[in-house]
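If you want the building blocks of each chain, they are given just below.
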Amino acid sequence: MDANSRCYGGQPGYLANIDSEDENDYLYAKLSKKPHFSANTHDAWIGATDMKNEGVFSWIGPKHLINGVKFWEGDENGQAIDGRYTNWGQDSSGQSQPDSNGEEDCIEMRGASPGRWNDKNCYQPNEFFIVEFGTPATSTDH
């Protein structure tokens, strides 16, 4: 099952687009209360990728699946686009993120570094993913 196959009130779901620290903290708090979620061993997919253009991270979701809303450009030394919210952390080896090595095009929310983001290979498993419904706040450009 994937995010798009989930529905709430007739609206299809999509991986979460995170536009503020408050939203990030709220989603992490909800995630950490899920049964079987262990902050030490679990992470969760969120709705960002640099698959279309390496090193340019965008939120994808309704009405912007192909051309997402850009929020970050560059590697760990990059910068937020138009002052958009980011919450990059480190990977399990301590490497600052995003490291944009070309093989890691999807973004996860880390459990071990509470709520921090890491770019990861899209084909590696994550037991959890965070789904939103309706129109994302990131859908309107700043």
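Model, not experiment: these values are computed from the prediction. (Residues numbered from 1 in each chain as written. Predicted model: local features only at pLDDT ≥ 70, side-chain atom pairs only at ≥ 80, totals over all residues. Heavy atoms only, no water.)

Colleague: For the overall build of the protein chain, give the residues involved together with the corresponding values.
Modeller: Each helix and strand in the protein chain was counted, giving 1 helix and 10 strands. Its helices and strands in sequence order give the protein chain the pattern β-β-α-β-β-β-β-β-β-β-β, from N to C terminus. Counting only residues that meet the buried cut, the protein chain has 45% of its 142 residues in that class. Partitioning the intrachain contacts of the protein chain with sequence separation of at least 6 by distance along the chain shows that 58% fall at a separation of at least 24. Of the roughly 8,000 Å² that the protein chain leaves accessible, carbon and sulfur atoms contribute 47%. (Helix = DSSP H or I, 4+ residues; strand = E, 2+ residues; numbered from the N terminus. Buried < 20%, exposed > 50% of the residue type's maximum accessible area, 1.4 Å probe, protein only. Contact = heavy atoms within 4.5 Å. Areas by Shrake-Rupley, 256 points an atom, 1.4 Å probe, with all protein chains shown as cover.)

Colleague: Outline helix α1 (residues 21-32), listing residues and values.
Modeller: Between its terminal C-alpha atoms α1 stretches 16 Å, which fits the 16 Å expected from 12 residues at 1.5 Å a residue. Turning to α1, the residues buried within the fold contact β3 (43-49), β7 (106-110), β8 (117-120), β9 (128-129) and β10 (131-133). (Expected span 1.5 Å × (residues − 1).)

Colleague: Tell me about the environment of N40, and name the residues and values.
Modeller: As for its position among the elements, N40 is in the loop between α1 and β3. The spatial distance from the C-alpha of N40 to the C-alpha of A112 is 4.8 Å, given a sequence separation of 72 residues.

Colleague: Requested: an account of the packing of aromatic side chains, with residues and values cited.
Modeller: Counted under the stated rule, the structure contains 10 aromatic pairs. Each ring, one from F71 and one from W88, has its centre 6.4 Å from the other, and the planes form 20°; the classification is stacked. Taken as a pair, F71 in strand β5 (residues 64-73) and W88 in the loop between β6 (79-80) and β7 lie far apart in primary sequence, 17 residues in all. Both residues of the pair, F71 and W88, belong to the buried class. Ring centres of Y85 and W117 lie 5.7 Å apart, and the angle between their planes is 85°; on these two criteria the pair is classed as edge-to-face. Residue Y85 is located in the loop between β6 and β7, and its partner W117 is located in strand β8; the two are separated by 32 residues in the primary sequence. Using a relative accessible area of 17% as the deciding quantity, one classes Y85 as buried. (Phe/Tyr/Trp six-rings, centres within 6.5 Å; stacked < 30°, edge-to-face > 60°.)

Colleague: Talk me through the pairing of β8; I want residue IDs and the actual numbers.
Modeller: Taking every second residue as pointing to the same face, both faces of β8 are buried, with W117 and D119 on one and N118 and K120 on the other. Bridge analysis of β7 against β8 gives 4 bridges, and the strand direction is antiparallel. Its bridge partner lying in β8, M109 is registered against W117. Hairpin connection, β7 to β8: the antiparallel pair is bridged by 6 residues, and G115 has positive phi, about 80°. (Pairing = 2+ DSSP bridges.)

Colleague: Please provide a residue-by-residue account of the side chain of S58, values included.
Modeller: Mapped onto the elements, S58 comes out in strand β4 (residues 56-61). The class for S58 is buried, based on a relative accessible area of 9%. Apart from the residues within four sequence positions on either side, S58 is in contact with G47, A48, T49, G68, V69, K70 and F71.

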